[in-house]
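Residue strings, one per chain:
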Amino acid sequence: MPTVDDILEEVSEFGRFQKQAFLTLCLLSAAFAPIYVGIVFLAFTPDHRCLSPGVAELSRRCGWSLAEELNYTVPGPGAMGEAFPRQCRGYEVDWNRSALSCVDPLAGLATNRSHLPLGPCRHGWVYDTHGSSIVTEFNLVCDDSWKVDLFQSCVNLGFFLGSLGVGYIADRFGRKLCLLATSLISAVLGVLMAAAQDYPSLLLFRLLQGLVSKGSWTSGYVLITEFVGLGYRRTVAILYQMAFTVGLLLLSGVAYAIPHWRWLQLAISLPAFLSLLCYWCVPESPRWLLSQKRNTQVIKIMDHIAQKNGKSPLADLKMLSLQEDVTEKLSPSFADLFRTPHLRKYTFILMYLWFTSSVLYQGLIMHVGATGGNLYLDFFYSALVEFPAAFIILATTDRCGLIRPLAASNLVAGAACFVMVFLSHALKSKLPTLAPRGRELRGHSPHVSSPPPCVSCADLHWLNITAACVGRMGITIVFQMVCLVNAELYPTFIRNLGVMVCSSLCDLGGIITPFLVFRLMEVWQGLPLILFAVLGLAAGAMTLLLPETERVTLPETIEDVENLGRIAKPKENMIYLQIQTSERTGT
């Protein structure tokens, strides 16, 4: 009896129909990028200082330049490791007093400025920016700066909570229905965020968007991998993730053109409505329909695919439906992910790989920060690193499979973190006054110190940047490949649920990484890198415990998954085993 992959070979594994569906779903993948990392621009924190009534009038009366105004009226930076008074505290001075001099207005109040009392910014802040962000509008600085972290953690919390529910919906009611519903809700919530009038409303919309947006992206990923044939499955999956990288690049350009956060939020939300084109361009997954014994719809969809690809209808479709009639209708269950020994092992390993990928990916960005002073260029360049990662995957998977490159990428990322520990320590010993880097992922301005002036320090600086880029590329490869491996190790009726549940550990890592990194840096700056290295090296070793799925048909049942380690052979042998099983069933 023919399998779905056999039928796809006959009607074209990646013909006109699959290409149209793929391009449509790529819009969904690209639209997810601003949701995941848009915080960098939406919550950009510019340089700021206390708003002091009377300073502006005094500055105009005295004809000060901005530099002179800052020098005369704003406290200098505090001691290393302490808070910065110039941003969060101001002089307790009545600037409306007419006796204040224009040369040095504070000289008559104290011989030493350090003796002047400092107080909190009671009247708000002045922000040095021509645009706006949620930070500048809701004053999320100083004592309220933790609210920026909460804003980002909410979307990751939404990803985490939505993983279980949305994954079940996709496996229970279909990929297409889940994709359309979550895409529409996510787009509407994005528009509501742009119109939010207070921080609690913004936080609520952000959390709700996280609940559905990742499920939409994952449903699209599973759907396109189930539509193409065996020979194109991995290539299409990797290119689908590259569409996310394209979304990152477009985000930096749009953010540069639109510096005001409400208009930017609206601009990145409206294109998400284009994903509703899937209603007309993308049918339901035939693999899922077969698992639900909806054979009539499978035949109709396969005939439609054949017609779109210029192929004649196939008589084997009747045999395919008859073969599926003898099977039991399968309903997804969370317990199925742990039902058999191999499934349990695969589930726990994949959970760890997802968690490690998130911690290293986001942790490296936060620890290293940006490489220059331009937020938009820094973001653009860091996104470009992901393109070589995708080409490396395409070049190696056909020759080496998935498991060995995945293990090697984890080991490279872990080793790069170890190298960064020694380089950072050596650089700090040569130049101990080097300022700490900005917190780019959190949305703060990436104010980064320039490369050290001495030749040896400059060499160490660029070696450290190179090691960070190698680590970033390695963990990017892991991020893209683990999603593909995850989809290939679960049977059809729990495939979406398996991907969502395992990837929920990625969201858990995203929630705790900001706190994990900066708490450890308070102890020692290299301590987070040591943790990253250990996690990466352990992930590389654990990856080798997974079976290779190179040129193996997607498993349809739990029994197929249990046999992966024994029948991970070329596709022709897999078909032969299925024929033998069918014959035994019929006797």
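Residues numbered from 1 in each chain as written. Predicted model: local features only at pLDDT ≥ 70, side-chain atom pairs only at ≥ 80, totals over all residues. Heavy atoms only, no water.

### As for the packing of helix α9 (residues 175-195) against helix α10 (residues 199-227)
Contact geometry of α9 with α10 gives a least axis separation of 8 Å together with a crossing angle of 150°. When the axes of α9 and α10 are compared, the pair comes out roughly antiparallel. Between α9 and α10 lies a crossing whose hand is left-handed. Counted by class, the contact of α9 with α10 contains 12 nonpolar, 10 polar and 3 charged residues. (Axes fitted to C-alpha atoms, helices over the stretch in contact; angles between N-to-C directions. Helix = DSSP H or I, 4+ residues; strand = E, 2+ residues; numbered from the N terminus. Parallel < 35°, antiparallel > 145°, perpendicular 65-115°, else oblique. Left-handed = near helix turned anticlockwise from the far one by under 90°. Nonpolar A, V, L, I, M, F, W, Y, C, P; charged D, E, K, R; others polar.)

### Comments concerning the state of the cysteines
Here the structure, examined in full by the defined rule, presents 2 disulfides. Two residues share a disulfide in this structure: C50 and C121, whose sulfurs sit 1.7 Å from each other. Note on the C50 and C121 pair: the S-S dihedral is about -55°, so by sign convention the disulfide is left-handed. One end of the pair, C50, is in strand β1 (residues 48-50); the other, C121, is in the loop between β3 (118-120) and β4 (125-127), and 71 residues separate them in sequence. With respect to class, C50 is no different from C121; both count as buried. One disulfide in the model links C88 with C142; its S-S distance is 2.1 Å. Here the disulfide of C88 and C142 is left-handed, its torsion about the S-S bond being about -100°. (Disulfide = S-S within 2.5 Å. Buried < 20%, exposed > 50% of the residue type's maximum accessible area, 1.4 Å probe, protein only.)

### Quick look at the packing of aromatic side chains
According to the stated counting rule, one finds 19 aromatic pairs in the structure shown. Relative to F159, the ring of F32 lies with its centre 5.7 Å away and its plane at 50°, an arrangement referred to as tilted. A residue pair is termed long-range when its members are at least 10 positions apart, and F32 in helix α2 (residues 16-37) and F159 in helix α8 (residues 146-173) qualify at 127 residues. The two residues F32 and F159 agree in class, both being buried. (Phe/Tyr/Trp six-rings, centres within 6.5 Å; stacked < 30°, edge-to-face > 60°.)

### Thoughts on the pattern of salt bridges
Enumeration according to the criterion identifies 6 salt bridges in this entry. Here E226 makes a salt bridge to R175, at a shortest N to O gap of 2.8 Å. Within this pair, whereas E226 is found in helix α10, its partner R175 is found in helix α9, the two being separated by 51 residues in sequence. Judged on exposure class, the residue E226 and its partner R175 are both buried. Here R233 and E488 are joined by a salt bridge, their closest N and O atoms 3.2 Å apart. (Salt bridge = Lys/Arg side-chain N within 4 Å of Asp/Glu carboxyl O.)

### Brief notes about the nonpolar core
Formed by 137 residues in total, the largest nonpolar core has its most connected members in I134, Y221, L350 and L546. Setting aside anything within four residues of it in sequence, one finds L350 in contact with V482, V485, N486, L489, Y490, C502 and L546. (Core = buried A, V, L, I, M, F, W, Y, C linked by side-chain atoms within 4.5 Å. Contact = heavy atoms within 4.5 Å.)

### As for the environment of F244
Take F244: it is sitting in helix α11 (residues 233-257). F244 gets classed as buried once you look at its relative accessible area, which sits at 12%. Taking the C-alpha atoms as reference points, F244 and E386, 142 residues apart in sequence, are found 9.9 Å from one another. In this structure, F244 is in contact with S29, A30, F32, A33 and Y36, ignoring residues within four places of it in sequence.

### Points about α2
In a regular helix each residue adds 1.5 Å, so 22 residues correspond to 32 Å; α2 covers 33 Å between its end C-alpha atoms and thus fits that length. Counting buried positions along α2 yields 17 of 22 residues, so the element is predominantly enclosed. (Expected span 1.5 Å × (residues − 1).)

### Re the packing of α11 against helix α18 (residues 375-384)
Working note: a packed helix pair is described by the angle between its axes plus the distance between those axes. Between α11 and α18, the shortest axis-to-axis distance is 9 Å and the interhelical angle comes to 170°. Relative to α18, the element α11 is oriented roughly antiparallel. Contacts from T245, L248, L249, L251, S252, A255 and Y256 of α11 reach α18 at Y376, F379, F380, A383 and L384. For the contact of α11 with α18, the residue count by class is 10 nonpolar, 2 polar and no charged.

### Considerations on a nonpolar patch on the surface
Nonpolar side chains collect at one region of the surface, where L27, L274, L277, Y279 and W280 lie side by side and expose about 560 Å² of accessible area between them. Here L274 falls in the partly exposed class, since its relative accessible area comes to 43%. (Patch = residues over 30% accessible without salt bridge, like charges linked within 9 Å, V, L, I, M, F, W, Y side chains within 5 Å. Areas by Shrake-Rupley, 256 points an atom, 1.4 Å probe, with all protein chains shown as cover.)

### Let's talk about the confidence of the model for the protein
Predicted coordinates in regions of low pLDDT should not be interpreted in detail. Mean pLDDT over the protein stands at 78; residues scoring 70 or higher make up 81%. Looking across the protein, the model is least confident in helix α26 (residues 571-586), with a mean pLDDT of 39, and most confident in helix α12 (residues 261-269), with 95. Ignoring residues within four places in sequence, the model shows residues 432-452, a span with pLDDT below 50, making 59 contacts including any to other chains. (pLDDT = per-residue confidence, 0-100.)

### A short note on the environment of L377
Here L377 is to be found in helix α18. Note on L377: relative accessible area 39%, which makes it partly exposed. A sequence separation of 121 residues divides L377 from Y256, and the C-alpha atoms of the two residues are 9.5 Å apart.

### Details of empty space enclosed by the protein
Counted by the stated rule, this structure contains 9 cavities of 30 Å³ or more. Looking at the largest cavity, it is lined by 20 residues, and the ones nearest its centre are F32, W217, Q241, F244 and F479. Its residues placed into classes, the lining of the largest cavity shows 11 nonpolar, 6 polar and 3 charged. Of the voids in this model, the second largest cavity is the one considered here, and its volume is about 130 Å³. Around the second largest cavity sit 15 residues that line it, and L230, G231, R234, D398 and E550 are the ones nearest its centre. Sorting the residues of the lining of the second largest cavity by element identifies α11 and α19 (386-400) as the ones contributing at least two each. For the lining of the second largest cavity, the element with the highest residue contribution is α11, accounting for 4 residues. Split into classes, the residues belonging to the lining of the second largest cavity amount to 5 nonpolar, 4 polar and 6 charged. (1 Å grid on protein atoms, 1.4 Å probe; cavity = no way out; pocket = protein on both sides within 12 Å on 5 of 7 lines; lining within 4 Å. Points joined across faces, edges and corners; volume = space filled by probe spheres on them.)

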